[in-house]
Amino acid sequence: MKRFTCDELAEHLTAYLEDALDRPARDGVRAHLACCEGCERYFEQFRVTIGALGDPPPEKLPADVRARLLSAFRERRRL
Ligand SMILES: [Zn+2]
């Protein structure tokens, strides 16, 4: 299983939500979310944002949405 730092997690989260990760990476994301409260909370925000895009959500995240989510994550890390 891969182990991610919080920063690496951010880079993988969009791919995770698009179901574009291989299995070890996906397990690594899950494991990180299970033990990191900050990222877990952020992940929930991700899901809400993506849920707002439609049902079912688009297969690929629009680039602007992805950029917004990633910059929100980096913002959080700076606090
Ligand atoms: Zn984390």
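Keep in mind that what you see is a predicted model, and the values were worked out from it rather than measured.

## A look at the packing of helix 1 (residues 6–17) against helix 3 (residues 37–51)
For the pair helix 1 and helix 3, the least separation of the axes is 11 Å and the interaxial angle reads 30°. Taken together, the axes of helix 1 and helix 3 lie roughly parallel to each other. Judged by the twist between their axes, the crossing of helix 1 over helix 3 is right-handed. Contacts between helix 1 and helix 3 involve C6, L9, L13, T14, Y16 and L17 from the first element and C39, Y42, F43, F46, R47 and I50 from the second. Each residue belonging to the contact of helix 1 with helix 3 can be placed in one class, and the counts come to 10 nonpolar, 1 polar and 1 charged.

## Brief notes about the coordination of the zinc ion
Bound to the zinc ion are the protein donor atoms C6 (SG), H32 (NE2), C36 (SG) and C39 (SG), situated 2.0 to 2.3 Å from the metal. Classification of the site at the zinc ion as tetrahedral follows from its 4 donor atoms and the range of 104 to 113° in their angles at the metal. Of note, the donors binding the zinc ion are all from one chain and are spaced C-x25-H-x3-C-x2-C. For H32, a relative accessible area of 10% puts it in the buried group.

## A word on the pattern of salt bridges
Counted under the stated rule, the structure contains 6 salt bridges. Residues R30 and D27 are paired through a salt bridge, measuring 3.7 Å at the closest nitrogen-oxygen approach. Of this pair, R30 and D27 are both found in helix 2 (residues 23–35), 3 residues apart, which corresponds to roughly one turn of the helix. A relative accessible area of 44% places R30 in the partly exposed class.

Procedures and definitions
Residues numbered from 1 in each chain as written. Predicted model: local features only at pLDDT ≥ 70, side-chain atom pairs only at ≥ 80, totals over all residues. Heavy atoms only, no water. Axes fitted to C-alpha atoms, helices over the stretch in contact; angles between N-to-C directions. Helix = DSSP H or I, 4+ residues; strand = E, 2+ residues; numbered from the N terminus. Parallel < 35°, antiparallel > 145°, perpendicular 65-115°, else oblique. Left-handed = near helix turned anticlockwise from the far one by under 90°. Contact = heavy atoms within 4.5 Å. Nonpolar A, V, L, I, M, F, W, Y, C, P; charged D, E, K, R; others polar. Donors = N, O, S within 2.8 Å, 3.2 Å for Na, K, Ca; no water. Tetrahedral: all angles 85-135°; square planar, octahedral: opposite > 155°, others 65-115°. Buried < 20%, exposed > 50% of the residue type's maximum accessible area, 1.4 Å probe, protein only. Salt bridge = Lys/Arg side-chain N within 4 Å of Asp/Glu carboxyl O.

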